[in-house]
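Observations on chain architecture
Given next are the chains, with one letter for each unit.
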Amino acid sequence: QVQLVESGGGVVQAGGSLRLSCAASERSFTPLAMAWFRQAPGKEIESVAAISWMGSNTYFADSVKGRFTISRDNDKKMVVLQMNSAKPEDTAIYYCATSQTTISTSGSSRAYDYWGQGIQVTVSS
């Protein structure tokens, strides 16, 4: 069973930075496209960023463009979301996701087969 383990969440002041990491635990599993989604209280889940299998293509939601970056380390089966210039509206539970069929980036939750349990990010004003 593939498990995605997220780390790095917490509380950060507005304007600050936070780094979220996610690693796949199953050695025999090769994560293809990887992504981050988030869900704020009372809102639907939304895509934040995605990265293709070889890392050559990335996708960012308009709300985070220019502030967040996404990267991956295929040897470690890991994806990292670097959050800079954080805003209170970035407060949400962040979920890591990966696909076993999609190579390219996708902002649709339907493209992803495995999900992490979620990690809380709170940006204080």
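Quick note: structure is the one above.
Predicted model only: the values in this text are computed from it and were never measured. (Residues numbered from 1 in each chain as written. Predicted model: local features only at pLDDT ≥ 70, side-chain atom pairs only at ≥ 80, totals over all residues. Heavy atoms only, no water.)

1. Some thoughts on the pairing of strand E5 (residues 46-51)
Within E5, five of the six residues are buried, which leaves the element mostly enclosed by the surrounding structure. As paired elements, strand E4 (residues 34-39) and E5 share five bridges and run antiparallel to each other. When the sheet's bridge partners are listed, Arg38 is paired in E5 with Glu46. Following E4, the chain reverses through six residues before pairing antiparallel with E5; Gly42 in that reversal takes a positive phi of roughly 75°. Where E5 meets strand E6 (residues 58-60), three bridges bridge the pair, whose relative direction is antiparallel. (Buried < 20%, exposed > 50% of the residue type's maximum accessible area, 1.4 Å probe, protein only. Helix = DSSP H or I, 4+ residues; strand = E, 2+ residues; numbered from the N terminus. Pairing = 2+ DSSP bridges.)

2. Points about the layout of surface pockets
Considered as a void within the structure, the largest pocket measures approximately 170 Å³ in volume. Lining the largest pocket are 13 residues, and of these Arg38, Ala40, Lys43, Glu46 and Glu89 lie nearest its centre. Classifying every residue of the lining of the largest pocket by side-chain character gives two nonpolar, three polar and eight charged. (1 Å grid on protein atoms, 1.4 Å probe; cavity = no way out; pocket = protein on both sides within 12 Å on 5 of 7 lines; lining within 4 Å. Points joined across faces, edges and corners; volume = space filled by probe spheres on them. Nonpolar A, V, L, I, M, F, W, Y, C, P; charged D, E, K, R; others polar.)

3. Some details on the nonpolar core
Grouped burial of nonpolar side chains is what soluble globular proteins tend to show. Counting 29 residues, the largest nonpolar core has Leu20, Trp36, Leu81 and Tyr94 as its most contacted members. Of all elements in the fold, only strand E3 (18-24), E4, E5, strand E7 (68-73), strand E8 (78-83), strand E9 (92-98) and strand E11 (119-124) reach the threshold of two or more residues within this core. No other element matches E3, which puts four residues into this core. In this structure, Ala33, Phe37, Ala50 and Tyr112 belong to the second largest nonpolar core, which totals seven residues. (Core = buried A, V, L, I, M, F, W, Y, C linked by side-chain atoms within 4.5 Å.)

4. What to know about the state of the cysteines
Summed over all chains, the structure comprises one disulfide. One disulfide in the model links Cys22 with Cys96; its S-S distance is 2.0 Å. Handedness here is read from the sign of the S-S torsion; for Cys22 and Cys96, about -75°, the answer is left-handed. Placement of the pair is Cys22 in strand E3 and Cys96 in strand E9, with a sequence separation of 74 residues. Of the residues examined, Cys22 reaches a relative accessible area of 0% and is grouped as buried. (Disulfide = S-S within 2.5 Å.)

Honestly, it's all geometry; don't read function into it.
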